Each structure stands twice: as structure tokens, then as C-alpha cells.
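Residues per chain are reported as follows:
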Amino acid sequence: MIDTLKSLIKRYQLGSLLLLTLLLVVVLPLTLDIFRLNLVGKYLTYAFVAVGLVMVWGYGGVLSLGQGVFFGLGGYAMAMFLKLEASDPETTKIQSTPGIPDFMDWNQITQLPLMWLPFKSLPLTLILVIAVPTLLAWIISYAMFKRRVGGVYFAIITQAVALIVTVLIIGQQGYTGGVNGMTDLKTLLGWDTRTDSAKYILYFVCVGLLLGAIVLCRWIQTSKLGTLLLAMRDKEDRVRFSGYDVSNFKVFTFCLAAALSGIGGAMFALQVGFMSPSFVGIVPSIEMVIFAAVGGRMSLVGAVYGTLLVNAGKTLFSESFPDLWLFLMAALFIGVTMAFPMGLAGLWDEKIKPWWLRQQAQRKLTRERVAAAHAAYPEPLAPAASVAPATDYAPLPDGVRSQRA
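Bear in mind that the values here come from a model prediction, so they are computed numbers and not experimental data. (Residues numbered from 1 in each chain as written. Predicted model: local features only at pLDDT ≥ 70, side-chain atom pairs only at ≥ 80, totals over all residues. Heavy atoms only, no water.)

Concerning the overall build of the chain
And then number 1: Check the secondary structure of the chain and you find 17 helices and two strands.
And then number 2: Split into buried and exposed, the 405 residues of the chain put 42% on the buried side.
And then number 3: Counting contacts in the chain only where the partners sit at least 6 residues apart, residues at least 24 apart contribute 76% of the total.
And then number 4: In the structure as shown, the chain presents an accessible area of about 22,300 Å², 66% of it carried by carbon and sulfur atoms. (Helix = DSSP H or I, 4+ residues; strand = E, 2+ residues; numbered from the N terminus. Buried < 20%, exposed > 50% of the residue type's maximum accessible area, 1.4 Å probe, protein only. Contact = heavy atoms within 4.5 Å. Areas by Shrake-Rupley, 256 points an atom, 1.4 Å probe, with all protein chains shown as cover.)

Right under this line is the structure:
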């Protein structure tokens, strides 16, 4: 049983995942207060996007600069359910039209729009959290990859999609809340999500989903599909000439990354209590790419560490140096990129891990030499017998001895 577990850990490289689990499940909850832990939970929602970028960018070779769109769509899907729950007729009885969200009443909308009706059901909402971002990702990727549009052109197109969706959300203020977004999200099926106990539960739910996403992506990487993704990234034409439809692999990976981003957005809406278009546009999408780049675009666990490092640095710098924090963040990005081109995971693989292996080999060699020495000389040498010091003169008579004294 133990040997089987060791082989699984070695095959799927789960050692780093176990360390991450220990950090997120044990160390941070025991050392941080609830306010800081809730901040970490917020950071971990971005890690879903970073993990998806590792798959679509690191393994698939497709850079997307619009992942904030899928994060935002998942967040808005969950926020719509929470907003409907917070807009019951008793709470909104002072409105002109009770039972609808407040921003709709401000914009003279007198009944709930048709697109909001599915979000009255929590199971259907959970499905739409994944389905809506995945559907949009499928439409974009199928239209682009089937026409062999890739590289920088695809990155620019995803940026344009992020801009379009942001303008659409802001422009449809009566249906989406506009630039203010959806606020005052307080309960989930009557459960107050603002209490300390609820924040702890949501944090652990977020950690569990994130670890599950990493395990899923790691399983894909170690499968035949993962090998094909790497081959497609390095030599796309060879994979195509081998009879594989490269576009289908790209579409699948892009949709997987979108689904993970949607889950992260839903957890963000639950933990933070609001959702706005500021998380959908170009700037947050580029920041999410930076999370993956800092952690290492080939490492799933590294992407999580990169997300935590960048966001913790942003919080620390903004609190301690409110006038300089943007410059400090830029210095952090530039410094990490120049010093560690492959991110934190590259630092581990290229510096720390080789040093550790050398130390282990040196200790093993020392033990072998000691064992060989013991084998050659099994019995220790007997100590030399003690001999009384000899005198080179005879004892003197008493009289002579007293004269010498």
C-alpha cells in the first residue's frame, strides 16, 4: 500500500501538491486571523485562472489575454443568484417594483428580465457558472482555431473580447448593475456568508475546489492528451501531419481554462460579496497572465504560489507605501522575470532542487564511505597497555638526597 502510494506521488508529481495542501489547509488557517484568511481566499479565486492558463498557455501554447471575461461571467452568474435572493419582496418593499434587484428599479424596469429567471435555482446556477464561460470559450476558440488563427493574433482577439464584454456590461446598467456591479450579496439560501464561520467554510471550499482542479489538470498532463498538447505546442505541423486535428485539442484546452476561471469567479462572488466589470476587462486579464508567469507557466502548483505572491505583494505595498506601490509592483514583476525566466517553479527546478540533490548525494557518499571503513576494520584497535615511566638513575642514599635538595 505504501509503495503504491509512493509510486502515485512520484508519477503525478504530487509532492509539491502535498506541501501546498499543508500550507493552505493547516499553516495559513492556524497563523492568520479571519480578515487575512479571507484575503487569501480571495487570492485563491484568481489561482483558478492561473491554473487554467498553465494548461492553455504553458501546455497548449496558446496565450489568452482575456481570461478575465470567463472569470467575470462565472462571478456574475453566482452574483445574479445571490442578488435575487437578496431582493425578496419583503426586503425591497420600498421600491416601486418589489421583488427585483434595486438597480433594475432605479432604471424603471418593472419586471424581472427573462435571462434572470434561470438564476432563481441554485443547481441551475451552479451549472451555468461553468456552462456560460465554456460556451463563450467554445464559440471563440472554434471560430479562431478552425481557421488556424493563433499566436499574437489570438491574444489580440481575446483582448478585444474582454473590452467588448466590459462595455456591454457597463452599458446594460438596468440588467447588470452597470459600472457599480452587483453589491450587497449577503446570503446563500438563507445562510449569512458574512459571518466568521461562513468565511472559514467558504475558504476551505475554495481550497478544496482548487486542489481538485490541480489534480484534474495534472491527470490530463500525464495522459496521452497532455503529451499531444506538448507536441502540438512545440511542433504543431508534425502533430497535424500525424493525423490529429490540432484545432480540437486547442478548443478543448481553452474551454477547460474557461470553466476553471468561471469556478474561480463564482467563489470570488461568494467570498467577497460583490461583482463588478472591473474584474472582466483587459487590465485584470493581463494581471492574471502575470500570476501564471511569476509562478511558472509550466507548473500548476507554481501558478498558485505566483498568485499568492503577487497579490500579497500588492496588498503589502498598497498598505505600507500607498504612493509607491505601483512602482514596487512593477519592480517585482521585472525582477522576477529577469532573474527567473521560468518563474518560481523554474527557480525550484534549476537552483534549489539540484542543490538539494547534490546534498543528498554527498550525504549518501559519506554514509557509504563510513560503512566501507567499518567493513574493512570491524574490530577497533586495542588501546596500548599503560607502562610506568622508567627512571634513568638509581635511587640515592638519604644523605646524598638531602644534599641535592
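Re the layout of surface pockets
And then number 1: As a volume, the second largest pocket reaches approximately 430 Å³.
And then number 2: What lines the second largest pocket is a set of 19 residues, among which Leu73, Tyr76, Met80, Met115 and Thr176 lie closest to the centre.
And then number 3: Elements with a minimum of two residues in the lining of the second largest pocket: helix H4 (67–86), helix H6 (122–145), helix H7 (151–171) and helix H8 (173–176).
And then number 4: Among the elements that make up the lining of the second largest pocket, the one with the highest residue count is H4 (six residues). (1 Å grid on protein atoms, 1.4 Å probe; cavity = no way out; pocket = protein on both sides within 12 Å on 5 of 7 lines; lining within 4 Å. Points joined across faces, edges and corners; volume = space filled by probe spheres on them.)

Remarks on a nonpolar patch on the surface
And then number 1: Taken together, the side chains of Leu22, Val25, Val26, Val27, Leu30 and Phe204 define a hydrophobic patch exposed on the protein surface, amounting to about 500 Å² of accessible area.
And then number 2: If you tally residues by element for the nonpolar patch, the top one is helix H2 (residues 15–31), at five residues.
And then number 3: Residue position: leucine 30 is located in helix H2. (Patch = residues over 30% accessible without salt bridge, like charges linked within 9 Å, V, L, I, M, F, W, Y side chains within 5 Å. Salt bridge = Lys/Arg side-chain N within 4 Å of Asp/Glu carboxyl O.)

Quick notes on the environment of leucine 112
And then number 1: For leucine 112, the position within the fold is in the loop between helix H5 (102–106) and H6.
And then number 2: Residue classification places leucine 112 among the buried residues on the basis of a relative accessible area of 18%.
And then number 3: Note: C-alpha distance between leucine 112 and leucine 84 (28 residues apart in sequence) is 9.6 Å.

Comments concerning the pattern of salt bridges
And then number 1: A full pass over the atoms with the stated rule returns ten salt bridges.
And then number 2: A salt bridge links lysine 186 to aspartate 184; its shortest N-O distance comes to 3.9 Å.
And then number 3: Residue lysine 186 is classed as partly exposed on the basis of its relative accessible area, which comes to 26%.
And then number 4: Across the pair aspartate 234 and arginine 233 runs a salt bridge, and its minimum N-O distance is 3.0 Å.
And then number 5: For aspartate 234, a relative accessible area of 49% puts it in the partly exposed group.
And then number 6: Here arginine 233 falls in the partly exposed class, since its relative accessible area comes to 29%.

Here we look at H6
And then number 1: Taking 1.5 Å per residue, 24 residues should reach 34 Å; H6 reaches 34 Å between its end C-alpha atoms and fits that length.
And then number 2: At the N-terminal end of H6, a side-chain oxygen is found 3.5 Å from the backbone nitrogen of leucine 124, two or three residues along, and the residue is serine 121. (Expected span 1.5 Å × (residues − 1). Polar contact = N/O pair within 3.5 Å; in protein donor to acceptor, adjacent residues only side chain to side chain.)

Notes on the packing of helix H9 (residues 196–222) against helix H12 (residues 246–272)
And then number 1: It is at 10 Å that the axes of H9 and H12 come closest, and there the two elements cross at 170°. Between H9 and H12, the angle is such that the two are roughly antiparallel. Residues Leu202, Tyr203, Val205, Cys206, Leu209, Ala213, Leu216, Cys217 and Ile220 of H9 touch H12, and the partners they reach there are Phe252, Leu256, Leu260, Ile263, Met267, Leu270 and Gln271. (Axes fitted to C-alpha atoms, helices over the stretch in contact; angles between N-to-C directions. Parallel < 35°, antiparallel > 145°, perpendicular 65-115°, else oblique.)

Details of helix H14 (residues 300–320)
And then number 1: End to end, H14 covers 30 Å across 21 residues, agreeing with the expected 30 Å (1.5 Å per residue, within 8%).
And then number 2: Regarding H14, its N-cap is serine 299, as a side-chain oxygen of that residue lies 2.8 Å from the backbone nitrogen of glycine 302 further along.

Some remarks on the environment of leucine 189
And then number 1: Among the secondary structure elements, leucine 189 is positioned in the loop between strand E1 (187–188) and strand E2 (191–192).
And then number 2: Placed 103 residues apart in sequence, leucine 189 and alanine 86 show a C-alpha to C-alpha distance of 9.8 Å.
And then number 3: Excluding residues within four positions of it along the chain, leucine 189 makes contact with Phe81, Glu85 and Leu122.

Thoughts on the packing of aromatic side chains
Think of a pair of aromatic rings as described by two things: how far the centres are apart, and how the planes are tilted against each other in angle.
And then number 1: Here the structure, examined in full by the defined rule, presents 14 aromatic pairs.
And then number 2: Geometrically, the ring pair formed by tryptophan 138 and tyrosine 142 is stacked, given 5.0 Å between the ring centres and 25° between the ring planes. Here tyrosine 142 and tryptophan 138 lie together in helix H6, a separation of four residues that amounts to about one turn.
And then number 3: Overall, the relative accessible area of 41% leaves tryptophan 138 in the partly exposed class.
And then number 4: Assessed through its relative accessible area of 37%, tyrosine 142 is described here as partly exposed.
And then number 5: Linked through ring pairs, Tyr46, Phe71, Phe268, Phe274, Phe279 and Phe291 together constitute an aromatic cluster. (Phe/Tyr/Trp six-rings, centres within 6.5 Å; stacked < 30°, edge-to-face > 60°.)

Concerning unusual backbone geometry
And then number 1: Backbone geometry places arginine 148, a non-glycine residue, at a positive phi of 60°.
And then number 2: Note that arginine 148 resides in the loop between H6 and H7.
And then number 3: One non-glycine residue with positive phi stands out, namely aspartate 184, at about 60°.

Topic: the confidence of the model for the chain
Do not read the fine detail of predicted coordinates wherever pLDDT is low.
And then number 1: Of all residues in the chain, 85% have pLDDT values of 70 or greater, and the mean over the chain is 83.
And then number 2: Helix H17 (residues 398–404) is the least confidently modelled element of the chain, averaging 50 in pLDDT, while H6 averages 94, the highest of any element.
And then number 3: The low-confidence segment residues 401–405, where pLDDT is below 50, has two contacts with residues more than four positions distant or belonging to other chains. (pLDDT = per-residue confidence, 0-100.)

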